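Summary of the model geometry
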Amino acid sequence: MAGAKAESVSVKYNYDIFFSLSHGDRNSTDYLYKALVDSGLRIFRDGDPIERSKDIRSEVKKAIELSRLCIVVLSKSYASSTWCLDQLVMMIECKRNAILPIFYDQKGRIGEGFARFEEQLKVETDYQRKEKLMDKIQGWSDALSFASDLPGFVLQNQADGLTSDSEFEDPIEPESLRSSFISDRCNVSLLLVADAIIDESKFIQKIIEAIEEKVKVVQEGFVPMEAATEDGLLNVEPSSLVEDWTAMEINLRDTEELPENPNCPFLLKLVLEQSHDLTEIPDSFFESMPVLQVLDLSNTSIKTLPQSIANLAELRQFFLRDCILLRELPPEIGELTKLEVFDLEGTKLMCLPMEIRGLHQLERLKVSLYRYADNYIEKKGMEVIIPRSMLSKCSHLKELSILVDPDCEWWDAEVEAIINELPQLRNLGKLELYFPTLELLQKFLQLPGNVYQNLSNFTLTVGRHEQHIISSLPHNLQSVFEKLDKCLKYVNGKGNMDGIGKALEHAWALFLDRQWTIEKLSAFKIDEMHQLNFCLVVECNEMNTIVDGGDFYQERNNGGKPILGSLRYLSLHYMKNLQRIWKGPIVSHCLSCLEILALHTCPELTTIFNMALLRNLINLKELIVENCPKVKSLVSADPSSLEADSDFLPALEKILLVDLPELVSISGGLPIGPKLETIIFSNCPMLKNLSPTDMYSKYMHEIKDESEWLKALDSSKGETDYLQGVLL
């Protein structure tokens, strides 16, 4: 096969089996562990000695990766252990197709063990901890569901010995393994249930037989026992693997050409990602892959998919990320009725075929559409770009992402149709969508069934705008910010801002870009943003202050509730008329969680910290001030009016000051930053001295300057002796 280059399959395994069980089940299953060891198998069991050069989690994950097979003893005790559940998640991530479960002494009691986490969730009151726990529980639940669906051994520990438990599955004879392996369930894990097991020796023998039968694959998993060297290193020539295509997993890169019809009776995972020179897939290429479950064609140069794609009846995950030459999908895509994950992010599709409505099992759909799709469907005589009722047919969707260029006028009608179908996606937990107008966002927010409120994660963009090829933000800050959980981006806003207030109630991250009329962040009813952690504000040229306390503590009389009490990160860029951060009255805990404050290119900014604000910033760790030419001091306060022994900015560790031509003092004589470790300057020519109050911290170990100003410090009369040892 010309042009196909397989990755090396020389895999050195440290263990034959990764043995995962609860410590509560350790004694009762010790006989099994010892018998498997006595049979000559190399086994890693949690609690056995491992290297401690890194944290235990990474070492256990490494042990999983370097094991041929994972055996997991599922029980009530296992399901109630966070450490065991974390192991199970890692096993599924690393060895999804190489897990053999033993259902031990359970009779449906796994749910009883897991129930304690649901109880914890009910009583948790801290929102951030509750969200993290929800995510953890969801991951554990998915892992348990996956493992519980795998065929394996079912045992009940009874007083008179070990017996099979017929409640779980009908027994399958060992001789039926080969036919069962290519059956409808098509899972790599062994289709074997212990039948009529009445003694330990028979049970152990069946497991050993199962392992020997299982270990018959190459490439990223198992190898025939007889084919491995004593140290576990498999010696297989890559060319022989590629030509017969008999592996269960094949990873090819830099492939230019594929065979016409490879015979792949056991192939479960095929990865052709990053084969940039692959432009065509032969018509019959997929005809002999009856059990393929994962297909990755991302970052290839294919323009079409062959009709033989319809033969992949067992396909569960299909990745076509960044296939920028792929313009349309064939109607045969509708034959992939078991597809659960379909990822087309980064493509430039003109439309979705009507047949996509047949993908009833879809749980995750990510699509990118071409900006000129409307011209395409007009030429084709089509009416819509996304088939109507598509989402209602894919009712199992848990994650939906549809990306388009933000200046596409045709998108309004398409997204309105999508909004109308969203209430039927009762399992939807993650959504990424673009709303060209506030009216469309409001329609989404008002959907019945609390669609928005029930989302565990979202990325919502509001406001029609042109896509910036080159961002004015540094270091890809925009793309990083948009990947934050529960992110709301609002662009090109004008006039009344009330329409977006409800969306902000549930946002963790807010990205304001080019708001043309807003004069302060207070206009967004920030007193209701109880969950906001991150805020990025760019080119809001009419904004002169971030918060006006008078809007909340006089007019609204909200009982002194803190404003932005959960905000941890605030970054302001290119704010033409910004003069101050906070104006007017302030109450305790406003901005008290803020850890990072960054101010970039604010030409009218004169005041950063006033006394009232200083008292609240008890968690500020890092301050960045760049290109703010009117700033003369970071602090605007009279130190003579302060109480003795006052500590301000007690958590501050680092200050970065760049291009501040009028800066003459850091703290204005105020003692700040008792834990300050680092100050970095660049182009601050008027800063002639650092006072003892600037150097208040006993932890200071670094003062770094990018220019020559330190040489000009006034060192007469020994006034800078306290700087010795920290200047760089």
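Residues numbered from 1 in each chain as written. Predicted model: local features only at pLDDT ≥ 70, side-chain atom pairs only at ≥ 80, totals over all residues. Heavy atoms only, no water.

As for the overall build of the chain
Worth spelling out the cut-off: A run of H or I in DSSP becomes a helix once it reaches four residues, and a run of E becomes a strand once it reaches two; helices and strands are each numbered from the N terminus. When a residue's accessible area, from a 1.4 Å probe over protein chains only, is under 20% of the maximum for its type it is buried; when over 50% it is exposed; and in between it is partly exposed. Contact between two residues is taken to exist if any of their heavy atoms lie within 4.5 Å; hydrogens are not considered. All accessible-area figures derive from a Shrake-Rupley calculation using a 1.4 Å probe, and residue coverage is judged against the displayed protein chains alone.
For the chain, the helix and strand inventory stands at 17 helices and 29 strands. Expressed as a percentage of its 728 residues, the buried residues of the chain come to 52%. The long-range fraction of contacts in the chain, counting pairs at least 24 apart against all pairs at least 6 apart in sequence, stands at 69%. When the accessible surface of the chain is summed, it comes to about 32100 Å², and 47% of that surface belongs to carbon and sulfur atoms.

Some thoughts on the packing of helix α2 (residues 56–65) against helix α4 (residues 82–95)
Defined as follows: Axis definition: a line fit to C-alpha positions, over the contact stretch in the case of helices; interaxial angles, taken between N-to-C directions, run 0 to 180 degrees. Every angle not falling under 35 degrees, over 145, or within 65 to 115 is termed oblique; those three ranges are roughly parallel, roughly antiparallel and roughly perpendicular. The crossing is said to be left-handed when, going from far helix to near helix, the turn is anticlockwise and less than a right angle, and right-handed when the turn is clockwise. Residues are sorted three ways: Asp, Glu, Lys and Arg are charged, Ala, Val, Leu, Ile, Met, Phe, Trp, Tyr, Cys and Pro are nonpolar, and all the rest, Gly among them, are polar.
Interhelical geometry of α2 versus α4 gives an angle of 40 degrees and a closest axis separation of 10 Å. With respect to α4, the element α2 is oriented oblique. Where α2 crosses over α4, the handedness of that crossing is right-handed. In this structure, α2 contributes Arg 57, Val 60, Lys 61, Ile 64 and Glu 65 to the contact, and α4 contributes Trp 83, Asp 86, Gln 87, Met 90, Met 91, Glu 93, Cys 94 and Lys 95. Of the residues belonging to the contact of α2 with α4, the class tally is 6 nonpolar, 1 polar and 6 charged.

Re the nonpolar core
The following threshold applies: Nine residue types can take part in a nonpolar core, namely buried Ala, Val, Leu, Ile, Met, Phe, Trp, Tyr and Cys, and a core is a set of them joined through side-chain atoms within 4.5 Å.
Counting residues in hydrophobic clusters, the biggest one holds 147 residues, and the most contacted among them are Phe 318, Phe 342, Trp 411, Phe 444 and Phe 609. Per-element accounting of this core gives the leading share, 5 residues, to helix α13 (residues 438–445). Leave out the neighbours within four places in its chain, and Phe 609 touches Leu 597, Leu 614, Leu 617, Leu 620, Leu 623, Leu 634, Val 635, Ser 636 and Leu 649. Ile 64, Leu 85, Phe 117 and Ile 137 belong to the second-largest nonpolar core, a separate cluster that totals 29 residues.

Quick word on helix α10 (residues 373–380)
At 3.6 residues per turn, the α-helix brings residues three or four places apart onto the same side. Defined as follows: The reported arc concerns the directions from the helix axis to the C-beta atoms and nothing else.
Along α10, the residues classified as buried are Ala 373, Tyr 376 and Ile 377. Buried residues of α10 fall within an arc of 90 degrees about the axis and therefore sit on the same side. Projecting away from the buried face of α10 at angles above 90 degrees are the exposed residues Glu 378 and Lys 379. Among the residues trailing α10, Gly 381 stands out with phi positive, at a value near 75 degrees.

Examining the packing of helix α12 (residues 411–421) against α13
Interaxial distance between α12 and α13 falls to 10 Å at its minimum, and their mutual angle equals 10 degrees. Comparing their axes, α13 and α12 come out roughly parallel. Taken together, the residues of α13 that come into contact with α12 (itself represented by Asp 412, Val 415, Glu 416, Ile 419 and Asn 420) are Leu 440, Lys 443 and Phe 444. A breakdown of the residues in the contact of α12 with α13 according to their chemical character gives 4 nonpolar, 1 polar and 3 charged.

Here we look at unusual backbone geometry
One non-glycine residue, Asn 492, lies in positive phi territory at about 60 degrees. Take Asn 492: it is sitting in the loop between β17 (487–491) and α15 (501–504). For Leu 591, which is not a glycine, the phi torsion comes out positive at approximately 60 degrees. Relative to the helices and strands, Leu 591 is located in the loop between β22 (580–583) and β23 (596–600).

With respect to the packing of aromatic side chains
To be explicit about the condition: Ring geometry is summarised as follows: Phe, Tyr and Trp rings, the Trp one being its six-membered ring, pair when their centres sit within 6.5 Å, and such pairs are stacked at plane angles under 30 degrees, edge-to-face over 60 and tilted between the two.
Applying the stated criterion to the full structure yields 13 aromatic pairs. For the ring pair Phe 19 and Tyr 33, a centre distance of 6.3 Å and an interplane angle of 55 degrees mean the geometry is tilted. Remark: Tyr 33 occurs in helix α1 (residues 30–38) and Phe 19 occurs in strand β2 (residues 15–20); sequence separation between them is 14 residues. Plain terms: the ring middles of Phe 318 and Phe 342 are 5.4 Å apart, the flat faces sit at 15 degrees to each other, and that makes the pair stacked. Residue Phe 318 is found in strand β11 (residues 317–319), and its partner Phe 342 is found in strand β12 (residues 341–349); the two are separated by 24 residues along the sequence. Side by side, Phe 318 and Phe 342 carry an identical accessibility label, which is buried.

A few points about the pattern of salt bridges
Any two side chains of opposite charge can pair, on the condition that their charged atoms come close. Our working definition: Here, a salt bridge means any side-chain nitrogen of Lys or Arg that lies within 4 Å of a carboxyl oxygen of Asp or Glu.
Evaluated as defined, the whole model comprises 22 salt bridges. Salt-bridge contacts for Glu 414 lead to Arg 388; the nearest nitrogen and oxygen are separated by 3.0 Å. Of this pair, Glu 414 sits in helix α12 while Arg 388 sits in the loop between α10 and α11 (390–393); the two residues are 26 residues apart in sequence, bridging distant segments of the chain. Residue Arg 388 is classed as partly exposed on the basis of its relative accessible area, which comes to 31%. Residues Lys 630 and Glu 604 are paired through a salt bridge, measuring 2.7 Å at the closest nitrogen-oxygen approach. Taken as a pair, Lys 630 in the loop between β25 (622–626) and β26 (635–636) and Glu 604 in the loop between β23 and β24 (609–610) lie far apart in primary sequence, 26 residues in all. According to the relative accessible area criterion, Lys 630 is partly exposed, its value standing at 41%.

Structural notes on a negative patch on the surface
Selection rule: In this scheme, patches are assembled from residues that exceed 30% relative accessible area and form no salt bridge. Like charges are connected within 9 Å, while nonpolar side chains (Val, Leu, Ile, Met, Phe, Trp, Tyr) are connected within 5 Å. Think of it this way: Lys and Arg go in the positive column, Asp and Glu in the negative one, and His and the chain ends go nowhere. By convention, the charge on Lys lies at NZ, on Arg at CZ, on Asp at CG and on Glu at CD.
On the surface, a cluster of negative charge is contributed by Asp 254, Glu 256, Glu 257, Glu 260, Asp 277, Glu 280, Asp 283 and Glu 287. With respect to the helices and strands, the residue Asp 254 is situated in the loop between β8 (249–253) and β9 (269–271).

Considering α13
Residues of α13 that are buried: Leu 438, Leu 440, Leu 441, Phe 444 and Leu 445. Looking down the long axis of α13, one finds its buried residues gathered within 160 degrees of arc, a one-sided arrangement. The elements touched by buried residues of α13 are α12, β15 (430–435), β16 (457–462), β17 and α15.

Looking at the environment of Asp 25
In this structure, Asp 25 sits in the loop between β2 and α1. Accessibility expressed as a relative area gives 9% for Asp 25, which makes it buried. Sequence separation between Asp 25 and Tyr 78 is 53 residues, and the spatial gap between their C-alpha atoms is 8.1 Å.

Here we look at the pairing of β25
Quick reminder of the rule: Note: two strands are recorded as paired if DSSP finds a minimum of 2 bridges between them.
Where β23 lies against β25, 5 bridges are found, and the strand directions are parallel. Within β25, the position partnered with Leu 599 by the bridge is Val 625. Note: β25 against strand β27 (residues 654–658), 5 bridges, orientation parallel. Bridged to Val 625 within β27 is Leu 657.

Quick word on the environment of Asn 263
In this structure, Asn 263 sits in the loop between β8 and β9. Between the alpha carbons of Asn 263 and Ser 288 there is a distance of 5.3 Å; along the sequence they are 25 residues apart.

Let's talk about the environment of Gln 453
Inspection of the secondary structure puts Gln 453 in the loop between α13 and β16. Taking the relative accessible area as the measure of exposure, Gln 453 reaches 28% and is therefore partly exposed. Between the C-alpha atoms of Gln 453 and His 506, which are 53 residues apart in sequence, the distance is 7.3 Å. Contact partners of Gln 453, with chain neighbours within four places excluded, come to Lys 502 and His 506.

Observations concerning the state of the cysteines
Filter applied, for reference: We call a pair of cysteine sulfur atoms a disulfide when they lie within 2.5 Å.
All chains considered together, the criterion is met by 0 disulfides. Cysteine Cys 70 remains unbridged, with the sulfur of Cys 94 as its closest cysteine sulfur at 8.0 Å. According to the relative accessible area criterion, Cys 70 is buried, its value standing at 0%.

The quantities given are spatial measurements derived from coordinates; they are silent on function.
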